[in-house]
Amino acid sequence: MGAFTSRHRFWVMPVLALVAALKAQAASSVLIWPIDPVLEADQQASALWLENRGNETANLQIRVFGWSQSGFEEQYRNQREVIGSPPVAKIEPGQKQLVRLTRTQDVPPGQELAYRIIIDEIPSALPPAAEDGKTAAAIRFQMRYSVPLFAYGAGLWSKEDSTRQRDPKGVGVPQLSWRTVAVDGRPFVEVRNQGAVHARLTDVAIRQGGQSKPLAEGLLGYVLPGAVMRWPAPVPPGGEAALQVRVNGATQVQSIAPAR
């Protein structure tokens with residue numbers, strides 16, 4: 001199958017699965033770590049752990065999609081370059097499951113490839129029993145979890161890791177610029193990444209005239225290498241405005257250079 005576009009983004013989102021009338025229940029709560037797995041150039045596989053923190057059995061489907069950005073939208077494609085195993089998992093309350101992320105082919109030297117690990121919870125077919133033994137009508141929700149995965153070719157790395165020896169010359173950094181545009185009369189901020197690795201943007205704000213207007217206090221989104229992404233601006237910036245952002249979890253917020 002080919003690529004498809006997501007306007008909803010693959011973050012954690014509930015999807016209505018089984019509708020009845022009386023109450024809503026979430027079947028389980030899944031803890032996922034690490035939240036930023038990578039496949040280094042010298043790694044054939046990486047590990048992702050799933051832990052069921054809920055009180056019901058979690059039945060999960062694990063898929064890995066290729067991830068790109070085009071036309072200011074996230075694009076996902078089916079792929080066989082990275083395989084998640086097992087593809088389905090049944091995790092009892094309080095138990096953990098290792099998912100092995102295995103690459104089937106090398107990444108070209110000096111490149112970063114992006115993927116999304118999509119973990120869908122499959123709700124049980126039967127509604128829970130009420131205290132009187134009768135079947136209870138319920139609304140059950142399917143949870144979708146999404147974890148970014150980045151794979152690197154020889155000579156490039158991005159994520160700090162004190163346990164690995166690396167050539168400092170191979171560290172990749174985003175090269176970001178920004179501008180404001182109007183779309184149907186509404187102001188937007190566009191961020192371009194001309195670097196070799198992705199940029200994860202958090203704590204983003206426009207600073208102008210001594211005032212700071214936030215775009216996002218947490219995660220705004222990602223800009224992959226060579227991509228341009230767009231987000232609504234709180235107000236149309238004018239004059240000397242600066243875009244301040246925390247990139248890839250850095251300790252300091254930085255100002256991004258305006259596009260020329």
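An account of the accompanying structure is given in this report. (Residues numbered from 1 in each chain as written. Predicted model: local features only at pLDDT ≥ 70, side-chain atom pairs only at ≥ 80, totals over all residues. Heavy atoms only, no water.)

**A short note on the overall build of the protein chain**
Regarding its fold elements, the protein chain presents 0 helices and 20 strands. Within the protein chain, buried positions represent 40% of all 260 residues. Pairs at least 24 residues apart make up 70% of the contacts formed inside the protein chain by residues separated by at least 6 positions. For the protein chain, the exposed area adds up to about 14,200 Å²; of that, 51% sits on carbon and sulfur atoms. (Helix = DSSP H or I, 4+ residues; strand = E, 2+ residues; numbered from the N terminus. Buried < 20%, exposed > 50% of the residue type's maximum accessible area, 1.4 Å probe, protein only. Contact = heavy atoms within 4.5 Å. Areas by Shrake-Rupley, 256 points an atom, 1.4 Å probe, with all protein chains shown as cover.)

**Overview of the packing of aromatic side chains**
Within the structure shown, the criterion is met by 4 aromatic pairs. Geometrically, the ring pair formed by Trp-33 and Trp-49 is stacked, given 6.1 Å between the ring centres and 10° between the ring planes. Pair noted here: Trp-33 is in strand 4 (residues 30–33) and Trp-49 is in strand 6 (residues 45–52), with a separation of 16 residues, a long-range link. The partly exposed category is assigned to Trp-49, whose relative accessible area is 31%. Judged by centre distance (5.4 Å) and plane angle (75°), the ring pair of Trp-67 and Tyr-222 falls under edge-to-face. Of this pair, Trp-67 sits in strand 7 (residues 58–70) while Tyr-222 sits in strand 17 (residues 211–223), placing them 155 residues apart in sequence. Grouping residues by exposure puts Trp-67 and Tyr-222 together as buried. Taken together, the ring pairs in this structure connect Trp-67, Phe-150 and Tyr-222 into an aromatic cluster. Over the ring of Trp-67 we find Arg-116; its NZ or CZ atom is 4.3 Å from the centre of that ring. (Phe/Tyr/Trp six-rings, centres within 6.5 Å; stacked < 30°, edge-to-face > 60°. Lys NZ or Arg CZ within 6 Å of the ring centre and 35° of its normal.)

**Describing the sheet that holds strand 16 (residues 199–208)**
Ordered in space as 17-16-19-20-14-15-18, the 7 strands form an open sheet in which the pairing is mixed. Looking at strand neighbours, the two that pair on one side only are strand 17 and strand 18 (228–232), the edges of this open sheet. Pairs of neighbouring strands in the sheet enclose a mean axial angle of 35°, with direction left out of account. Pairing geometry for strand 14 (residues 176–183) and strand 20 (residues 254–258), over 2 bridges, is parallel. The partner of Trp-178 across the bridge, within strand 20, is Pro-258. (Pairing = 2+ DSSP bridges. Axes fitted to C-alpha atoms, helices over the stretch in contact; angles between N-to-C directions.)

**Comments concerning the environment of Val-173**
Following the sequence through the fold, Val-173 ends up in the loop between strand 13 (139–152) and strand 14. Along the backbone, Val-173 and His-198 are 25 residues apart, and their C-alpha atoms lie at a distance of 7.8 Å. Setting aside its immediate chain neighbours within four residues, Val-173 contacts Gly-195, Ala-196 and Val-197.

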